[in-house]
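What follows is each chain in one-letter form.
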Amino acid sequence: MALINEHYLELSENYFYTEMDKRINAFCVTHPKSNLILLGTGDVSQPLPMAVVDAMTEAVKELSQKETFRGYGPGQGYRFLIDKIIKDYQSHGVSLVADEIFVSDGAKTDAANIGHILGRDNIIAITDPVYPVYENATIMSGRAGHQTDNGKWSNIVYLNCLPENGFKPQLPTEKVDVIYLCYPNNPTGATLTRQELKMWVDYALQNHSLIIYDGAYEAYITEKDVPHSIYEIKGAKKVAIEIRSFSKTAGFTGLRCSYTVVPQELVAYTLDDEKVQLNKLWLRRQTTCFNGNSYIVQRGAEAIFSREGKKQVNEKIQYYLTNAEIIRTEFQKLGLQVFGGVNSPYVWTKTPQGENSWKFFQQMLSEINVVTTPGIGFGQNGEGYSRFSGFNSRENTLEAMDRIKHWL
Ligand code: MLT
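About the thresholds
Residues numbered from 1 in each chain as written. Predicted model: local features only at pLDDT ≥ 70, side-chain atom pairs only at ≥ 80, totals over all residues. Heavy atoms only, no water. Domains from an automatic or database assignment. Contact = heavy atoms within 4.5 Å. Buried area = accessible area lost by both parts, 1.4 Å probe. Salt bridge = Lys/Arg side-chain N within 4 Å of Asp/Glu carboxyl O. Helix = DSSP H or I, 4+ residues; strand = E, 2+ residues; numbered from the N terminus. Near = heavy atom within 4 Å. Polar contact = N/O pair within 3.5 Å; in protein donor to acceptor, adjacent residues only side chain to side chain. Areas by Shrake-Rupley, 256 points an atom, 1.4 Å probe, with all protein chains shown as cover. Nonpolar A, V, L, I, M, F, W, Y, C, P; charged D, E, K, R; others polar. Buried < 20%, exposed > 50% of the residue type's maximum accessible area, 1.4 Å probe, protein only. Phe/Tyr/Trp six-rings, centres within 6.5 Å; stacked < 30°, edge-to-face > 60°. Core = buried A, V, L, I, M, F, W, Y, C linked by side-chain atoms within 4.5 Å. Pairing = 2+ DSSP bridges. Axes fitted to C-alpha atoms, helices over the stretch in contact; angles between N-to-C directions.

1. Regarding the domain arrangement of the protein
Taken as a whole, the protein is organised into domain 1 (6–47 + 308–407) and domain 2 (54–305). On a C-alpha basis, the centroid separation for the pair domain 1 and domain 2 is 24 Å. In this assembly, 34 residues from domain 1 lie in contact with 47 residues from domain 2. Where domain 1 abuts domain 2, roughly 3200 Å² becomes buried across the two surfaces, and 60% of that area is made up of carbon and sulfur atoms. The largest per-residue losses of area from domain 1 upon contact with domain 2 belong to Tyr15, Asn343 and Asn381, which jointly make up 22% of the total buried on that side. Along the contact surface separating domain 1 from domain 2 lie zero salt bridges. Contributions of two or more residues to the side of domain 1 that touches domain 2 are made by helix H1 (7–10), helix H2 (16–30), helix H11 (307–333), strand E11 (338–340), strand E12 (346–350) and strand E15 (385–389). If you tally residues by element for the side of domain 1 that touches domain 2, the top one is H11, at six residues.

2. With respect to the site of the ligand
Residues in close proximity to the ligand include Tyr17, Thr41, Gly42, Tyr131, Asn186, Tyr217, Lys248, Tyr346 and Arg387, which together make up its full environment. Contacts to the ligand include Tyr17, whose side-chain N or O atom sits 2.3 Å from an oxygen atom. Asn186 is positioned such that a nitrogen or oxygen atom in its side chain is 2.8 Å from an oxygen atom of the ligand. Taken by itself the ligand offers 270 Å² of open surface, and the protein chains cover 82% of this. In terms of residue class, the shell around the ligand is made up of four nonpolar, three polar and two charged. When residues of the shell around the ligand are assigned to domains, at least three fall in each of domain 1 (6–47 + 308–407) and domain 2 (54–305).

3. Some details on the environment of Pro47
Structurally, Pro47 is set in the loop between strand E1 (37–38) and helix H3 (50–63). In this structure Pro47 comes out as exposed when scored by relative accessible area, which is 55%. In sequence terms Pro47 and Asp21 are 26 residues apart; their C-alpha atoms lie 22 Å from each other.

4. Brief notes about the packing of aromatic side chains
Taken as a whole and judged by the stated rule, the model has 27 aromatic pairs. Ring geometry for Tyr89 and Tyr259: centres 6.4 Å apart, planes at 75°, overall edge-to-face. Here Tyr259 lies in strand E8 (residues 258–261) and Tyr89 lies in helix H4 (residues 79–90), a separation of 170 residues in the sequence. Per residue, the accessibility class of Tyr89 equals that of Tyr259, and both read buried.

5. Points about the nonpolar core
Residues Leu81, Ile179, Ile211, Ile230, Phe246 and Phe252 are the most contacted members of the largest nonpolar core, which totals 57 residues. With six residues, the top contributor of residues to this core is H4. Counting the residues that make up this core, at least three belong to each of domain 1 (6–47 + 308–407) and domain 2 (54–305). Excluding its chain neighbours within four sequence positions, the residues that come into contact with Phe246 are Leu81, Gly251, Phe252, Cys257, Ser258, Tyr259, Ala301, Ile304 and Phe305. Membership of the second largest hydrophobic core comes to 46 residues, among which are Tyr17, Ala107, Ala111 and Leu210.

6. Some words on the environment of Asp105
Mapped onto the elements, Asp105 comes out in the loop between strand E2 (101–104) and helix H5 (107–113). Asp105 sits 192 residues away from Val297 along the chain, and the two C-alpha atoms are 9.4 Å apart. Sequence-distant contacts of Asp105, that is, excluding residues within four places in its chain, are made with Arg256, Cys257, Ser258, Phe290 and Asn293. Separated by 2.8 Å, the side chains of Asp105 and Thr109 make a polar contact.

7. Considering the pattern of salt bridges
Under the criterion given, the structure shown has 19 salt bridges. Ionic pairing is found between Glu196 and Lys168, a salt bridge with its closest N-O pair at 2.8 Å. Highlighted residues: Glu196 in helix H7 (residues 194–207) and Lys168 in the loop between strand E4 (156–160) and strand E5 (178–182), separated in sequence by 28 residues. Its relative accessible area of 24% is what places Glu196 among the partly exposed residues. Its salt-bridge partner being Glu315, residue Lys311 comes within 3.8 Å of it at the nearest N-O pair. In this pair, Lys311 and Glu315 both sit in helix H11, four residues apart, roughly one turn of the helix. With relative accessibility at 47%, the residue Lys311 sits in the partly exposed group. Residue class for Glu315 comes out partly exposed when judged on its relative accessible area of 48%. Here the salt bridges share partners, and the residues they tie into one network are Asp88, Glu218, Glu242 and Arg244.

8. So, the sheet that holds strand E14 (residues 373–374)
Across the sheet, four strands lie side by side as E11-E12-E15-E14; this open sheet has antiparallel pairing. Taken across any chain shown, the strands that pair with only one partner, and hence form the sheet edges, are E11 and E14. Two strands pair when backbone bridges link them, and E11 and E12 are joined in this way by three bridges, in the antiparallel orientation. Bridge assignment links Gly340 to a residue of E12, and that residue is Val347. Along the sheet, helix H12 (residues 357–368) contacts E14 and E15; its crossing angle with E15, the most-contacted strand, is approximately 50°.

Spelled out as structure tokens, the structure:
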């Protein structure tokens, strides 16, 4: 008799974004003529940088010739891409070696899968609000305990992020083993300064904890005191895994490419207190469960680091940041409490009358055909908030803000 992983039954029926899509699709079926503007999920709208397109076109040609055809690539990623990533880290004063970098097909993939190499009894800490993948993956792995009356999970330590502290978490009062941090933050757009991030690295060093640092929005950092990588903090290589993605950086949401850094110095422990390099375990896991990202996509990702590629990527990022600025400024003018949108494509705002976030989502959808992401999908502290994404086109962003202005 085949048994299931019963922890899957503990999950809500749909992943949060799937639930949103269901509601949007249901609306579209009953209102086929509506002119929807999507400021919800963080999917990009602008085409790939030409440098990426050219590099991939070249790669396709190579694969079409007998002499230059390639089959399986190295599971960890091609050296041509890894070397560019290393150089990029160097520009922020971080030195890494090739076998510390694992090219993958998405930050979400690695953020969810990293738990495979960690013991089941780890106490996991996540922020609230949080990118739902960290909590869902913790539930699937059986580490979450049971769901309590307030919707939280008994074995997860929630790090409250509230407006009064700018949606930045405080250190946990109890000892935790694994901490997921995402900065610039999805969903709130909050950032940590160097000093604030150091506090977390020091906590992890003192408690032998592991930080899983999701830097998917690193390219949106505009302020000087905001570190681009956790490894800019002394000692972080001993305690942190960093995950990055090309999705929001260079429009790869459909193409798929990311990388995860697992430093050689980073260790975790057996029950007998024996130190084990996580790099070795992740390598073992990846070579078994993953065959590497495609040659074509990795050539495309490499092109982002060329002079022309950097320029084109920067233009796209500025474009989305300007959209976020438009959203942010408009909400401020309307007198709403607003966070994010400065080092982030996301603007996090309180609902105007304190409506619950699904209600606000539904009202906006049906009355002005604008889609946002309800804050409750990111945790209890997201209730009464909404996340607006700057990833749509300029025209649509302006049109959506115009509709909102008149509606409110
Ligand atoms: C979001 O909307 O939060 C992101 O697009 C989700 C993701 O990157 O998986």
